[in-house]
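Report on the structure
Listed below are the residues making up each chain.
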Amino acid sequence: MNKIVLIAMMVFLGFSAQAQTKKNKNLKYTTEVNGNCEQCKKRIEKAAYGVPGVKTASWDVSSHQLSVILNEEKCSPSDLNKAIAKAGHDTKEVKATTEDYDNLHSCCKYVRE
């Protein structure tokens, strides 16, 4: 009988721990993304919207800040940063490959750190 109670408690505690890791469906996330112009803005925002779970995306040319609202049940900030880097733009967290950066139009090539 004690074994049944012990097993029931372990199962209950396991489910309780899972319930505490609820993901945010409307996470507001901001990161710095390198770029220069309106063409960069379109490319960065298109890459962001290409990530499942991204609800809004807006990149500011002057501040280089990308602001998004995303559903953490469908994607993570890491997924977003990887997609932006794949489009050729460095983020604070993920750098674009040299090949992806080299594919940018000449006016979009920013000084890399």
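As shown above, the structure is provided for reference.
Notes on the structure follow. (Residues numbered from 1 in each chain as written. Predicted model: local features only at pLDDT ≥ 70, side-chain atom pairs only at ≥ 80, totals over all residues. Heavy atoms only, no water.)

This part covers the overall build of the protein. Each helix and strand counted, the protein has 4 helices and 3 strands in total. In the protein, the succession of α and β elements from N to C terminus is α-β-α-β-β-α-α. Among the 113 residues that make up the protein, the fraction classed as buried is 35%. Across the protein, every contact between residues at least 6 apart in sequence was considered, and the portion connecting residues at least 24 apart equals 52%. By element, 57% of the accessible surface of the protein is carried by carbon and sulfur atoms, the whole surface being about 7500 Å². (Helix = DSSP H or I, 4+ residues; strand = E, 2+ residues; numbered from the N terminus. Buried < 20%, exposed > 50% of the residue type's maximum accessible area, 1.4 Å probe, protein only. Contact = heavy atoms within 4.5 Å. Areas by Shrake-Rupley, 256 points an atom, 1.4 Å probe, with all protein chains shown as cover.)

Turning our eyes to something else, we now look at the sheet that holds strand β3 (residues 65-70). Sheet architecture is open: 3 strands sit in the order β1-β3-β2, paired in antiparallel fashion. Two strands bound the open sheet, and with one partner strand each, they are β1 (27-32) and β2 (54-59). For this sheet, the mean angle separating the axes of adjacent strands, direction not counted, is 15 degrees. Two strands pair when backbone bridges link them, and β2 and β3 are joined in this way by 5 bridges, in the antiparallel orientation. By the bridge assignment, Thr56 is partnered in β3 with Ile69. Helix-sheet contacts for helix α2 (residues 38-49) involve β2 and β3, and the interaxial angle to β2 is about 165 degrees. (Pairing = 2+ DSSP bridges. Axes fitted to C-alpha atoms, helices over the stretch in contact; angles between N-to-C directions.)

Quick look at α2 now. In this model α2 runs 16 Å from its N-terminal to its C-terminal C-alpha over 12 residues, within 8% of the 16 Å that 1.5 Å per residue would give. Along α2, the residues classified as buried are Cys40, Lys41, Arg43, Ile44, Glu45, Ala47 and Ala48. The inward-facing, buried residues of α2 contact β2, β3 and α3 (77-86). (Expected span 1.5 Å × (residues − 1).)

Another aspect to go through is the packing of aromatic side chains. One pass over the structure, following the stated rule, counts 1 aromatic pair. A centroid spacing of 5.1 Å and a plane angle of 75 degrees characterise the contact between Tyr101 and Tyr110, whose relative ring orientation is edge-to-face. Classification of Tyr110 as buried rests on a relative accessible area of 6%. For the cation-ring pair, Arg112 lies above Tyr101, with the distance from its terminal atom to the ring centre recorded as 4.5 Å. (Phe/Tyr/Trp six-rings, centres within 6.5 Å; stacked < 30°, edge-to-face > 60°. Lys NZ or Arg CZ within 6 Å of the ring centre and 35° of its normal.)

All right, on to the nonpolar core then. By size, the foremost hydrophobic cluster in this structure holds 23 residues, and its most contacted members are Ile44, Val54, Leu66, Val68, Leu70, Leu80 and Ile84. Within the residue set of this core, elements represented by two or more residues are β1, α2, β2, β3 and α3. Considering every element that reaches this core, the biggest residue donor is α2, with 4 residues. Each residue touching Ile44, except ones within four places of it in the same chain, is listed here: Val33, Asn34, Trp59, Leu66, Ile84 and His89. (Core = buried A, V, L, I, M, F, W, Y, C linked by side-chain atoms within 4.5 Å.)

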